[in-house]
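# Reading the structure
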Amino acid sequence: MKIKIQTNFIKNKTKKIKIIGEKLIPELAQTAAKKPSQFSEDFSPIFIESGKGAIVKDLENNLLIDTIMGIGPIILGYNHPQVNRAIKDQLNKGIIFSLIHRLEIKLAEKLKTCLPNMDMFRFSKTGADSTSAAIRASRNFTQKEKIISCGYHGWHDWNAIALNKNGGVPQFNKKFIKKVQYNNFEQIADSIDNQTAALIMEPVIFEPPERGYLEKIRKITKQKKVLLIFDEMWTGFRLNLGGAQKYFNIEADLACYSKAIANGMPISVLAGKRNIMKSLNKKSFFYTTFGGETLSIAAAIKTIEFIKKNNVCQKLNENGNKMIKEINNIFILNNLNFLKIVGYGSRSILNIKTEDPLLVKTFIHQEMLKNGILWNGIINLSYSHTKKHFNKIYDSFNKIAKSINLKGIKNLRSEIKGKKIKKLVI
Ligand SMILES: Cc1ncc(COP(=O)(O)O)c(C=O)c1O
């Protein structure tokens, strides 16, 4: 697909559907990161119609290089022929059945080869399903109730009480969760008491773990009989085929996966040690109708096979690390020391250290769009991002950096065509 530069993303079709949608769907979106307010409203595209590889087509037929990739799931690229084939082949046989399907066992076998220290697996649909099941498993297994949490883990009560938007969540949940900051080991050590069932954490968010941080966590959780749950929603099948456990050589007791595992099909996995998983099934309740839905399972099997065969994670990290270096160099060369990309190769974020970071973000987002790139601060790489796409990304950052340098950040406001991106409150 050839990228044709267009600057009109809001035409009649978009306007019309937006008006209808706003009456029917609060804030138009099913997930916070897709809300129009998270882009430059009245300028940015609102609806995507289709995708192929790393390119998406918006409702007005603009083609854009996507750097968001469905907020993580699209690890191989949109409309991936081999994953599509696996889904279609299974579709011809049926979607969900009245008995167990053998593909469930096949996926569990595949997972076992990627995650050798995990013994048993359960499938569900969303990331929040799997983290909530992990919390239940840990409470059941330890017969304790308190949770220490580092990172975001989904919309269910036990976690949502600690969010800003916690209306409707019974307040008693508050006494069971303690949030800690990444790379603050002392805070974790101080938070553990004899009622702590588990520490659930994103093994890495963007900031790399300090030397010994994860090892110290593993040691203290073992000593204090607190289960260590890795929320690998992002790191799973992205940082490494074996996720952060393999990458950092740290064995968790339970681990949760979703996003990249099936290149966009809705499936999540709870993985764990045999005794914990058996106890969960024996004493607790974690059952859901679509847990054994076979199209997603077929897609997961194919995605995992493809990732393995093509060394996808390694390539993404190599490409991404190179990209981070290139872009940061551009910022340095243009004296923009308030801009820096941090993270790991396949997932990185632009840190903006100015008085009004959202203004700068909006300007960059807008200019990237003008250059044919859908960018919103975080770059989630896929196997479909090629040299050509990277060059285009560098080219755009080059132009934007020069422009910010020339204009000065104070003068960016008058350059913004739509609305400023709003702070994401969750
Ligand atoms: C680290 C992490 N855990 C859990 C979740 C929840 O996943 P889901 O939105 O599929 O319920 C997310 C979602 O973005 C996430 O980033």
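Keep in mind that what you see is a predicted model, and the values were worked out from it rather than measured.

### Overview of the overall build of the protein
Across its full length, the protein holds 13 helices and 14 strands. The C-alpha radius of gyration of the protein comes to 22 Å, within 12% of the 22 Å expected for a compact globule of 426 residues. Relative to its full complement of 426 residues, the protein shows a buried share of 56%. Counting every atom, the protein has about 20500 Å² of accessible surface; 53% of that belongs to carbon and sulfur. Taking the average location of the 69 positive side-chain charges in the protein and that of its 35 negative ones, the two points are 3 Å from each other.

### Here we look at the pairing of strand 9 (residues 254-257)
The alternating pattern of strand 9 places L254 and C256 and A255 and Y257 on opposite faces, both of which are buried. Where strand 8 (residues 227-231) lies against strand 9, 3 bridges are found, and the strand directions are parallel. When the bridges of strand 9 are listed, I229 appears paired with L254. Sheet analysis places strand 9 next to strand 10 (residues 268-272), joined by 4 bridges and oriented antiparallel.

### Section: the packing of aromatic side chains
The description of an aromatic ring pair uses the distance of the two centres, along with the angle that the planes make with each other. Applying the stated criterion across every chain, the model contains 10 aromatic pairs. Note on F172 and F176: the rings are 6.5 Å apart at their centroids and 80° apart in plane angle, and the pair reads as edge-to-face. Assessed through its relative accessible area of 49%, F172 is described here as partly exposed. Classification of F176 as buried rests on a relative accessible area of 18%.

### Some details on the site of the ligand
Lining the immediate environment of the ligand, one finds T126, G127, A128, Y152, H153, G154, E202, D231, M233, W234 and K259. Between A128 and the ligand, the recorded distance is 2.8 Å, taken from a backbone N or O atom to an oxygen atom. Interatomic distance of 3.0 Å between a side-chain N/O atom of W234 and an oxygen atom of the ligand. Here the ligand has 380 Å² of accessible area as a free molecule, and 79% of this is covered by the chains.

### A short note on helix 1 (residues 12-24)
Look at helix 1: 19 Å from first C-alpha to last across 13 residues, which is about the 18 Å you get at 1.5 Å a residue. When helix 1 is considered as a whole, its buried residues turn out to be T14, K18 and G21. Taken around the axis of helix 1, the buried residues stretch over an arc of 75°, which confines them to a single face. Of the exposed residues in helix 1, those oriented more than 90 degrees away from the buried face are N12, K16, I19, K23 and L24.

### Here's the deal with the sheet that holds strand 6 (residues 177-179)
With mixed pairing, 7 strands are arranged side by side in an open sheet as 4-10-9-8-7-5-6. With partners counted over all chains shown, the strands left at the sheet margins are strand 4 (120-124) and strand 6, one partner each. Between one strand and the next, the sheet's axes are offset by a mean angle of 20°, whatever the strand orientation. As paired strands, strand 5 (residues 146-150) and strand 6 are joined by 3 bridges and run parallel to one another. When the bridges of strand 6 are listed, I148 appears paired with K178.

### Regarding the packing of helix 3 (residues 102-114) against helix 10 (residues 294-309)
Following both chains from N to C, one finds helix 3 and helix 10 inclined at 30°, their axes separated by 9 Å at the closest point. Taken together, the axis directions place helix 3 and helix 10 in an arrangement best described as roughly parallel. When the axes of helix 3 and helix 10 are compared, the crossing they make is left-handed. The segment helix 3 lies against helix 10, with L103, E104, K106, L107, K110, L111, T113 and C114 engaging T294, I297, A298, A300, I301, I304, E305 and K308.

### Quick notes on the domain arrangement of the protein
Under the domain assignment used here, the protein contains domain 1 (12-79 + 312-415) and domain 2 (96-292). Using C-alpha coordinates to define each centre, domain 1 is positioned 29 Å away from domain 2. At the junction of the two partners, domain 1 supplies 21 residues and domain 2 supplies 15 residues. Summing both sides of the interface, domain 1 and domain 2 together bury roughly 1600 Å²; the carbon and sulfur share of this comes to 58%. Among the residues domain 1 hides against domain 2, the three largest losses belong to C313, Y344 and R347. Together they make up 38% of the total. One can count 0 salt bridges joining domain 1 with domain 2. Linking domain 1 with domain 2 are 8 residue pairs in polar contact (both at pLDDT 80 or more). Those elements that provide at least two residues to the side of domain 1 that touches domain 2 are helix 11 (312-333), strand 11 (339-344), strand 12 (347-352) and strand 14 (378-380). Classifying every residue of the side of domain 1 that touches domain 2 by side-chain character gives 11 nonpolar, 7 polar and 3 charged.

### What to know about unusual backbone geometry
Its identity as a non-glycine residue notwithstanding, N249 has a phi of 55°, on the positive side. Assignment of secondary structure puts N249 in the loop between helix 8 (243-248) and strand 9. The class of N249 is exposed, set by a relative accessible area of 66%. Within the chain, N335 stands out as a residue other than glycine whose phi angle is a positive 60°. Among the secondary structure elements, N335 is positioned in the loop between helix 11 and strand 11. Under the relative-accessibility criterion, N335 is labelled exposed at 59%.

The rules behind each value
Residues numbered from 1 in each chain as written. Predicted model: local features only at pLDDT ≥ 70, side-chain atom pairs only at ≥ 80, totals over all residues. Heavy atoms only, no water. Helix = DSSP H or I, 4+ residues; strand = E, 2+ residues; numbered from the N terminus. Rg over C-alpha atoms; globule rule 2.2 N^0.38 Å. Buried < 20%, exposed > 50% of the residue type's maximum accessible area, 1.4 Å probe, protein only. Areas by Shrake-Rupley, 256 points an atom, 1.4 Å probe, with all protein chains shown as cover. Lys, Arg positive; Asp, Glu negative; His and termini not counted. Charge placed at Lys NZ, Arg CZ, Asp CG, Glu CD. Pairing = 2+ DSSP bridges. Phe/Tyr/Trp six-rings, centres within 6.5 Å; stacked < 30°, edge-to-face > 60°. Near = heavy atom within 4 Å. Polar contact = N/O pair within 3.5 Å; in protein donor to acceptor, adjacent residues only side chain to side chain. Expected span 1.5 Å × (residues − 1). Arc of directions from axis to C-beta. Axes fitted to C-alpha atoms, helices over the stretch in contact; angles between N-to-C directions. Parallel < 35°, antiparallel > 145°, perpendicular 65-115°, else oblique. Left-handed = near helix turned anticlockwise from the far one by under 90°. Contact = heavy atoms within 4.5 Å. Domains from an automatic or database assignment. Buried area = accessible area lost by both parts, 1.4 Å probe. Salt bridge = Lys/Arg side-chain N within 4 Å of Asp/Glu carboxyl O. Nonpolar A, V, L, I, M, F, W, Y, C, P; charged D, E, K, R; others polar.

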